[in-house]
Amino acid sequence: MMERDFLAGEMLIVDKPLKWTSFDVVNKIRLMFRNHLGIKKIKVGHAGTLDPLATGIVVVCTGKKTKTLESLMNHDKEYVATFRFGQTTPSYDLETEPEGNYPTEHITREMLEKVIADNFTGTIEQVPPMFSAIRVDGKRAYELARKGKTDNVELKSRQISIMNFEIEKFEMPDVTARIRCSKGTYIRSIARDLGEAAGSGAHLVALRRTASGDATEKDCMTMEEIEKMIVAQAAENNINGGI
């Protein structure tokens, strides 16, 4: 096993578990260093938040490698997303209960592909979801949304780029697509906007980040695999925390 120098700086490509926050991942890895390697003070950070209800790639840097986080955040991302047509939710995903019913009988694969080509390719304007970490008057937007205090809150649109948007599975009311996009893209907002553009409503029911820059799923390690690696390194170095 190649020994890693986490204080000098390492990059870990983590497969984030469902319902974990990106901070949960960072905090757990920091605890692994403390418990198994005896490292009590170390910088650990991630290069781009992934929603709790999403799985997949979270790039984590340690030690001096954290200086590269800002540049890593600018990398393009790829996602596999499943949209459910016919209903919307306030959070645009499964965090909140569905509301409203919309027609879906008119939606065909060919029609949806044309909607995507006409509205969701290249540089577009996107309004972030209210259930997001964007700050509004010093508070996170999702904090206001969960308290129902959004009547006078308006999030500004921002430019994003979509390089690829390809339908992989069409089984109405669910449609699964692979999307390559720029940083700052909210797939939940794409769900909302795609539903509207198709003359219906839609929300996100599954999301997986499959690439971040050059990092792909084949580079991923589960949290269990990362802990095993750290424990093995501790054992090799005869550190008590490794046993």
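Residues numbered from 1 in each chain as written. Predicted model: local features only at pLDDT ≥ 70, side-chain atom pairs only at ≥ 80, totals over all residues. Heavy atoms only, no water.

Caption draft 1: Quick peek at the nonpolar core. By size, the foremost hydrophobic cluster in this structure holds 48 residues, and its most contacted members are Phe83, Phe165 and Ile187. The element contributing the most residues to this core is helix H1 (residues 22-37), with 6 residues. Within the second largest apolar cluster, 9 residues are counted, among which are Ala47, Ile57, Cys61 and Leu72. (Core = buried A, V, L, I, M, F, W, Y, C linked by side-chain atoms within 4.5 Å. Buried < 20%, exposed > 50% of the residue type's maximum accessible area, 1.4 Å probe, protein only. Helix = DSSP H or I, 4+ residues; strand = E, 2+ residues; numbered from the N terminus.)

Caption draft 2: Spotlight on the side chain of Ser22. Looking at the secondary structure, you find Ser22 in helix H1. Exposure remark for Ser22: the relative accessible area of 2% places this residue in the buried category. Setting aside anything within four residues of it in sequence, one finds Ser22 in contact with Lys16, His46, Gly48, Thr49, Leu50 and Val58. (Contact = heavy atoms within 4.5 Å.)

Caption draft 3: Local environment of the pairing of strand S4 (residues 77-85). Extensive coverage of S4 is indicated by the burial of 8 of its 9 residues. Sheet analysis places S4 next to strand S10 (residues 202-212), joined by 9 bridges and oriented antiparallel. By the bridge assignment for S10, Thr82 is matched with Ala206. (Pairing = 2+ DSSP bridges.)

Caption draft 4: Structural detail: the packing of aromatic side chains. The final tally for this structure, using the stated rule, is 3 aromatic pairs. Relative to Phe33, the ring of Phe6 lies with its centre 4.6 Å away and its plane at 40 degrees, an arrangement referred to as tilted. Here the residue Phe6 occupies a position in the segment before strand S1 (11-16), and Phe33 occupies one in helix H1, the gap between them amounting to 27 residues. For Phe6, a relative accessible area of 3% gives the class buried. Given a relative accessible area of 0%, Phe33 falls into the buried group. An aromatic cluster of at least three residues, connected via ring pairs, comprises Phe83, Phe120 and Phe165. (Phe/Tyr/Trp six-rings, centres within 6.5 Å; stacked < 30°, edge-to-face > 60°.)

Caption draft 5: Up close: the side chain of Ser189. Take Ser189: it is sitting in helix H5 (residues 187-197). Residues in contact with Ser189, not counting those within four places in the same chain, are Tyr92, Gln126, Val127, Pro128 and Pro129.

Caption draft 6: Layout of a nonpolar patch on the surface. Together, Leu18, Leu53 and Leu94 make up a nonpolar patch on the protein surface, roughly 260 Å² of accessible area in all. Here Leu94 lies in the loop between S4 and helix H3 (109-119). Look at Leu94 and you get partly exposed, because its relative accessible area is 47%. (Patch = residues over 30% accessible without salt bridge, like charges linked within 9 Å, V, L, I, M, F, W, Y side chains within 5 Å. Areas by Shrake-Rupley, 256 points an atom, 1.4 Å probe, with all protein chains shown as cover. Salt bridge = Lys/Arg side-chain N within 4 Å of Asp/Glu carboxyl O.)

Caption draft 7: Expanded view of a positive patch on the surface. A cluster of basic residues, Lys41, Lys43, Lys64 and Lys67, forms a positive patch at the surface. On the secondary structure map, Lys41 appears in the loop between H1 and strand S2 (44-46). Given a relative accessible area of 77%, Lys41 falls into the exposed group. (Lys, Arg positive; Asp, Glu negative; His and termini not counted. Charge placed at Lys NZ, Arg CZ, Asp CG, Glu CD.)

Caption draft 8: How the structure looks around the packing of H1 against helix H6 (residues 223-236). Running from N to C, H1 and H6 cross one another at 20 degrees; their axes reach a closest spacing of 9 Å. Viewed along their axes, H1 and H6 adopt a mutual orientation that is roughly parallel. The element H1 and its partner H6 pack so that their crossing is right-handed. Mapping the contact onto sequence places Val25, Lys28, Ile29, Met32, Phe33, His36 and Leu37 in H1 and Met223, Ile226, Glu227, Ile230, Val231, Gln233 and Ala234 in H6. Its residues assigned to classes, the contact of H1 with H6 shows 10 nonpolar, 2 polar and 2 charged. (Axes fitted to C-alpha atoms, helices over the stretch in contact; angles between N-to-C directions. Parallel < 35°, antiparallel > 145°, perpendicular 65-115°, else oblique. Left-handed = near helix turned anticlockwise from the far one by under 90°. Nonpolar A, V, L, I, M, F, W, Y, C, P; charged D, E, K, R; others polar.)

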